[in-house]
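# Chain and residue survey
Here are the chains, one letter per residue:
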Amino acid sequence: MVAVHTSLYSSPLAEWICCLDKRPSERSGEDVDIILTRLREVKAFQRFPPPLLLQICSCAFYEYLEKGITLFRQGDIGTSWYAVLSGSLDVKVSETANHQDAVTICTLGIGTAFGESILDNTPRHATIVSREGSELLRIEQREFKSLWESRLLTSPLPLLLAVAPAGQAGHR
């Protein structure tokens, strides 16, 4: 369950969130420019080639998780890929089907990406829980696969999976 933080919409700095809340087909060029300006402020996205970043701005969505919210559970079939824009999330793994015995194996911080298991429809390898209020960029499976396929042939690095800053690992 995702908790939306509605007070963020009242800030003039959050205009980009309103743009991301629109359906991709309803976003204007100005909306995409506003989103692009915000994403360029995130260090990890600065490495993305401009055409790829524009495609992300055209199809991504914004999500806000309050502290303690489970984004998805180990074993779930994924539907989206995520990048952390602010806050942090714990990656928890369980040896059994009982999620209560899950242990935190790492924490995902700003710029970390996760959810690439959607490329081959494999179950999620971990449970993701927000450690604090966190802003995420979400790309749905169909769009992520399209971005991946369009970049895989022309990019020497799989940039969509390599957004984790040094010292942090993305996790499926």
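Structure first, text after, so check above.
Numbers given for residues are sequential positions, taken from 1 along each chain in its written order. Side-chain atom pairs in this predicted model are given and counted only at pLDDT of 80 or more, local residue features only at pLDDT of at least 70, and totals for whole chains, interfaces and linings cover all residues. Only heavy atoms go into the side-chain values, all of them from the structure, while hydrogens and water stay out.

Here we come to the pattern of salt bridges. When a carboxyl oxygen of Asp or Glu lies within 4 Å of a side-chain nitrogen of Lys or Arg, that pair is called a salt bridge. Summed over all chains, the structure comprises 7 salt bridges. Here Arg38 and Glu135 are joined by a salt bridge, their closest N and O atoms 3.9 Å apart. Of the two residues, Arg38 is situated in helix α2 (residues 29-39) and Glu135 in strand β8 (residues 134-140); the sequence distance between them amounts to 97 residues. We note a salt bridge from Arg142 to Glu143, for which the minimum N-O separation is 2.9 Å. Residue Arg142 is classed as exposed on the basis of its relative accessible area of 66%. One continuous salt-bridge network, built from bridges that share partners, spans Glu63, Arg138 and Glu140. Strands here mean DSSP runs of E at least two residues long; helices mean DSSP runs of H or I at least four residues long; both are numbered from the N terminus. Think of it in three bands: residues with accessible area under 20% of the maximum for their type are buried, residues over 50% are exposed, and the middle band is partly exposed, with areas taken using a 1.4 Å probe on protein chains only.

Looking now at the packing of aromatic side chains. How two aromatic rings sit relative to each other is given by the distance of their centres and the angle of their planes. Aromatic rings from Phe, Tyr and Trp, taking only the six-membered ring of Trp, are treated as a pair when their centres fall within 6.5 Å; an angle between ring planes under 30 degrees marks them as stacked, one over 60 as edge-to-face, and anything in between as tilted. Scanning all chains against the criterion turns up 6 aromatic pairs. Here Trp81 and Phe144 contribute two aromatic rings whose centre-to-centre distance is 5.3 Å and whose plane-to-plane angle is 20°, an arrangement assigned as stacked. Taken together, the residues span a long stretch of sequence, with Trp81 in strand β3 (residues 80-86) and Phe144 in helix α4 (residues 141-152) at a distance of 63 residues. By the burial criterion, Trp81 is buried, and Phe144 matches it. Look at Tyr82 and Phe114: their rings are 5.3 Å apart centre to centre, the planes differ by 15°, and that puts the pair in the stacked class. Of this pair, Tyr82 sits in strand β3 while Phe114 sits in strand β6 (residues 113-114), and the two are 32 residues apart along the sequence. In textbook terms, an aromatic cluster arises when at least three aromatic residues are bridged by ring pairs, as seen for Phe72, Tyr82 and Phe114. Remark: a charge is flagged as sitting over a ring if the NZ atom of Lys or the CZ atom of Arg is within 6 Å of the ring centre and within 35 degrees of the ring normal. A cation sits over an aromatic face here: Arg27 above Phe61, 5.3 Å from the ring centre. The aromatic ring of Phe72 is capped on one face by Arg124, whose charged end is 3.9 Å from the ring centroid.

Right, let's get into the sheet that holds β3. Any two strands between which DSSP finds at least two bridges are classified as paired. Spatially, the 4 strands line up as an open sheet ordered β1-β8-β3-β6, and their pairing is antiparallel. Edge positions in the sheet fall to β1 (61-65) and β6, since each has one partner strand and no second. In this sheet, β8 lies alongside β1 in antiparallel orientation, the contact comprising 5 bridges. Looking across to β8, one finds that Glu63 is bridged to Leu136.

Let us now look at the nonpolar core. In this structure, Leu39, Phe45, Ile56, Leu137 and Ile139 are the most contacted members of the largest nonpolar core, which totals 30 residues. For this core, the elements supplying multiple residues, two or more each, are α1 (15-21), α2, α3 (50-59), β1, β3, β8 and α4. Contacts were defined at the residue level, with two residues in contact if any of their heavy atoms lie within 4.5 Å. Beyond its immediate sequence surroundings of up to four residues, Leu137 is in contact with Leu20, Leu39, Phe45, Ile56, Ala60, Phe61, Trp81, Tyr82, Ala83 and Leu85. Residue types Ala, Val, Leu, Ile, Met, Phe, Trp, Tyr and Cys, when buried and joined through side-chain atoms within 4.5 Å, form a set referred to as a nonpolar core. Of all hydrophobic cores here, the second largest spans 14 residues; its members include Leu65, Leu108, Ala126 and Leu136.

With that settled, consider the pairing of β1. Taken across its 5 residues, β1 has 5 buried, putting it largely inside the fold. The alternating pattern of β1 places Phe61, Glu63 and Leu65 on one face and Tyr62 and Tyr64 on the opposite face, and all of these are buried.

Before going further, it helps to spend a moment on the environment of Gly115. Note that Gly115 resides in the loop between β6 and β7 (127-130). Taking C-alpha positions, Gly115 is 6.4 Å from Ser80, a pair spaced 35 residues apart along the chain.

Our focus in this paragraph is the sheet that holds strand β4 (residues 89-93). The 4 strands lie next to each other as β2-β7-β4-β5, forming an open sheet whose pairing is antiparallel. With one partner strand each, in any of the chains shown, β2 (70-72) and β5 (103-108) form the two edges of the open sheet. Taken pair by pair, the neighbouring strands of this sheet meet at an average axis angle of 30°, ignoring direction. Pairing analysis gives 4 bridges linking β4 to β7, with the strands arranged antiparallel. Bridging from a neighbouring strand, Leu89 pairs with Ser130 of β7. Note on geometry: axes are C-alpha line fits, over the in-contact stretch for helices, and angles between N-to-C directions span 0 to 180 degrees.

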